[in-house]
Amino acid sequence: MEHVTVAGTEVPALGIGTWQMEPETAYDAVSDALDIGYRHVDTAQLYENEAGVGRAIADADVDREDVFLTTKVNPRHRSVESIVDSVADSLAALGTEYVDLLLIHWPNPLADLETVMDGLNETVDREMTRHIGVSNFGKDRLDRARELSDAPILTNQVLFHPWWPQRELLAYCQREDVMLTAYSPLANGALLDDALLEEIGERYGKTGPQVAIRWATQHENVATIPMSTSRAHIAENLDIFDFKLTRAEHDRVTRPSYLQTGKALFGGMLSG
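On a predicted model such as this, the values are computed, not experimentally measured, just so you know. All residue numbers refer to position in the chain's written sequence, counted from 1. For this predicted model, a pLDDT threshold of at least 70 governs which residues receive local features, and a threshold of 80 or more governs which side-chain atom pairs are given and counted, while totals over whole chains, interfaces and linings are taken from all residues. Side-chain measures were taken over the full set of non-hydrogen atoms in the model, leaving aside hydrogen atoms and water.

Concerning the overall build of the protein chain
Then, in step 1: Only DSSP runs of H or I reaching four residues or more are called helices, and only runs of E reaching two or more are called strands; each is numbered from the N terminus. Counting its regular elements, the protein chain contains eleven helices and ten strands.
Then, in step 2: Over its C-alpha atoms the protein chain spans a radius of gyration of 18 Å, differing by no more than 12% from the 19 Å that the globule rule assigns to 272 residues.
Then, in step 3: Over its C-alpha atoms, taken along the principal directions, the protein chain stretches across nearly 55 × 40 × 40 Å.
Then, in step 4: Exposure categories follow from relative accessible area, calculated using a 1.4 Å probe and restricted to protein chains: below 20% of the type maximum is buried, above 50% is exposed, and the middle band is partly exposed. Relative to its full complement of 272 residues, the protein chain shows a buried share of 54%.
Then, in step 5: With an accessible surface of roughly 12,100 Å², the protein chain has 47% of that area assigned to carbon and sulfur atoms.
Then, in step 6: For the charge count, each Lys or Arg is scored as positive and each Asp or Glu as negative, with His and the chain ends excluded. Charge placement uses NZ in Lys and CZ in Arg. For Asp and Glu, CG and CD serve respectively. Of the side-chain charges in the protein chain, 23 are positive and 44 negative, and the distance between the mean point of each set is 6 Å. Throughout, the radius of gyration refers to the C-alpha atoms, and the reference size of a globule is 2.2 Å times the residue count to the power 0.38. The protein chains shown are the only cover counted for residues, whose accessible areas, like all others here, come from Shrake-Rupley with a 1.4 Å probe.

Here you go:
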């Protein structure tokens, strides 16, 4: 396992995502992931599977201290009290006294960002979380959140894959010592049969999806949280740290495309 170090904190560069998983499915996936060697787990209030995730961590033969656990606040919580209360509910569901990282899941246009950041900072003060961050923020909103927060913003969790490489945001994160956490590194599955990824993978004895995930982790300050419910695929996603793409290969994989990204997002909505 490689790690990303930002703000003096070390985070496993690969984690397991649990979006769209029912609690029992999340329990099985996280159990498999921890058994295989993952130590980074991502969930959210909106996923409604925190109880399954928490049970998997409790039942695993892994110390809680060794698992980097992230959850996200439903953006409808926009007062300090509502945010803190929702996190108390999350901790109860997860069966843990703290999470390692707490994010606001989306920017809510009806919410006051200063109040939201005050709420996240309050959870740090109450030792409900060790770190805070944001999700789905653009560069300017991320910059503003950092200005408004007493605690460092550890990460911005965003869509990030070869068709959507977030170059401006990534450069900002690298410059400002913020981690970019990449979700949907396989573009909602649209990259599973990508011919270029398969061609490059053949040189290393790897699959196309492994190339896409390795592409993400080779960026400075980037961690990624691919989602899978298959033990074989969960294991495959982790088996990426024994090869490295060349600069030329990395550049070939990077193919920014609004069209492909849009199609992948639409396809993901249909399948969800």
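Structural notes on a negative patch on the surface
Then, in step 1: A surface patch of negative charge is lined by Asp-112, Glu-114, Asp-118, Asp-125 and Asp-150.
Then, in step 2: By the secondary structure assignment, Asp-125 is in helix α4 (residues 113–125). Residues form patches when they are more than 30% accessible in relative terms and have no salt bridge. Like charges link within 9 Å. Nonpolar side chains (Val, Leu, Ile, Met, Phe, Trp, Tyr) link within 5 Å. Salt bridge, as used here: a side-chain nitrogen of Lys or Arg that lies within 4 Å of a carboxyl oxygen of Asp or Glu.

Description of the environment of Ile-36
Then, in step 1: Within the secondary structure, Ile-36 sits in helix α1 (residues 23–36).
Then, in step 2: Every residue in contact with Ile-36, bar those within four places of it in the chain, is listed here: Arg-231, Ile-234, Ala-235 and Leu-238. In this analysis, two residues are considered to be in contact whenever any of their non-hydrogen atoms come within 4.5 Å of each other.

A short note on α4
Then, in step 1: Expected helix span is given by 1.5 Å per residue-to-residue step, counting one fewer step than there are residues. In a regular helix each residue adds 1.5 Å, so 13 residues correspond to 18 Å; α4 covers 18 Å between its end C-alpha atoms and thus fits that length.
Then, in step 2: Taken together, the buried positions of α4 are Leu-113, Val-116, Met-117, Gly-119, Leu-120, Asn-121 and Thr-123.
Then, in step 3: Packing partners of the buried residues in α4 comprise β5 (68–73), α3 (80–94), β6 (99–104), β7 (129–135), α5 (139–148) and β8 (153–159).
Then, in step 4: Trailing α4 by a residue or two, Glu-127 shows a phi angle of about 60 degrees, which is positive.

Focus: the environment of Ser-79
Then, in step 1: Secondary-structure assignment places Ser-79 in the loop between β5 and α3.
Then, in step 2: Owing to a relative accessible area of 33%, Ser-79 belongs among the partly exposed residues under this scheme.
Then, in step 3: In this structure, the C-alpha to C-alpha distance between Ser-79 and Ile-153, residues 74 residues apart in sequence, is 19 Å.

Side note on the sheet that holds β5
Then, in step 1: The strand order across the open sheet built from eight strands is β3-β4-β5-β6-β7-β8-β9-β10, with neighbouring strands paired in parallel fashion. Whereas interior strands pair on both sides, the edge strands pair on one side only; in this sheet they are β3 (16–17) and β10 (222–224).
Then, in step 2: In this sheet, strand β4 (residues 40–42) lies alongside β3 in parallel orientation, the contact comprising two bridges. Paired with Gly-17 across the bridge in β4 is Asp-42. A pair of strands is treated as paired once DSSP finds two or more bridges between them.

Points about the pattern of salt bridges
Then, in step 1: Evaluated as defined, the whole model comprises 20 salt bridges.
Then, in step 2: Between Arg-255 and Asp-194 there is a salt bridge, with the nearest N and O atoms lying 3.0 Å from each other. Of this pair, Arg-255 sits in the loop between α10 (247–253) and α11 (258–271) while Asp-194 sits in the loop between β9 (179–183) and α7 (195–204), and the two are 61 residues apart along the sequence.
Then, in step 3: Note on Asp-194: relative accessible area 11%, which makes it buried.
Then, in step 4: Among the ionic pairs, Arg-203 bridges to Glu-249, the shortest N-O distance being 2.8 Å.

Quick look at the packing of α1 against helix α2 (residues 50–59)
Then, in step 1: At a minimum axis distance of 7 Å, the contact between α1 and α2 shows a crossing angle of 35 degrees. The element α1 and its partner α2 pack so that their crossing is right-handed. Residues Pro-23, Glu-24, Ala-26, Tyr-27, Val-30, Ser-31 and Leu-34 of α1 lie in contact with α2, whose contacting residues are Gly-52, Val-53, Arg-55, Ala-56, Ile-57 and Asp-59.
Then, in step 2: Each residue is assigned to one of three groups, with Ala, Val, Leu, Ile, Met, Phe, Trp, Tyr, Cys and Pro labelled nonpolar, Asp, Glu, Lys and Arg labelled charged, and all others, Gly among them, labelled polar. Split into classes, the residues belonging to the contact of α1 with α2 amount to eight nonpolar, two polar and three charged. Angular values range over 0 to 180 degrees, each being the angle between N-to-C directions of two axes fitted as lines to C-alpha atoms, with helices fitted over their stretch in contact. Should the near helix be turned anticlockwise from the far one by less than a right angle, the crossing is left-handed, and should it be turned clockwise, the crossing is right-handed.

Some remarks on the packing of α4 against α5
Then, in step 1: It is at 9 Å that the axes of α4 and α5 come closest, and there the two elements cross at 55 degrees. Comparing their axes, α5 and α4 come out oblique. Classified by chirality, the crossing of α5 by α4 is right-handed. Together, Leu-113, Glu-114 and Met-117 of α4 and Arg-141, Arg-144, Ala-145 and Leu-148 of α5 make up the contact between the two elements.
Then, in step 2: Residues that form the contact of α4 with α5 fall into these classes: four nonpolar, no polar and three charged. Angular relationships are summarised with four words: roughly parallel below 35 degrees, roughly antiparallel beyond 145, roughly perpendicular across 65 to 115, and oblique for the angles in between.

Let's talk about unusual backbone geometry
Then, in step 1: In the Ramachandran plot, Glu-127 falls in the positive-phi region, its phi being about 60 degrees despite a non-glycine side chain.
Then, in step 2: The topology assignment puts Glu-127 in the loop between α4 and β7.
Then, in step 3: Of note in the backbone geometry, Asn-136 takes a positive phi value of approximately 60 degrees without being a glycine.
Then, in step 4: Residue classification places Asn-136 among the buried positions, given a relative accessible area of 15%.

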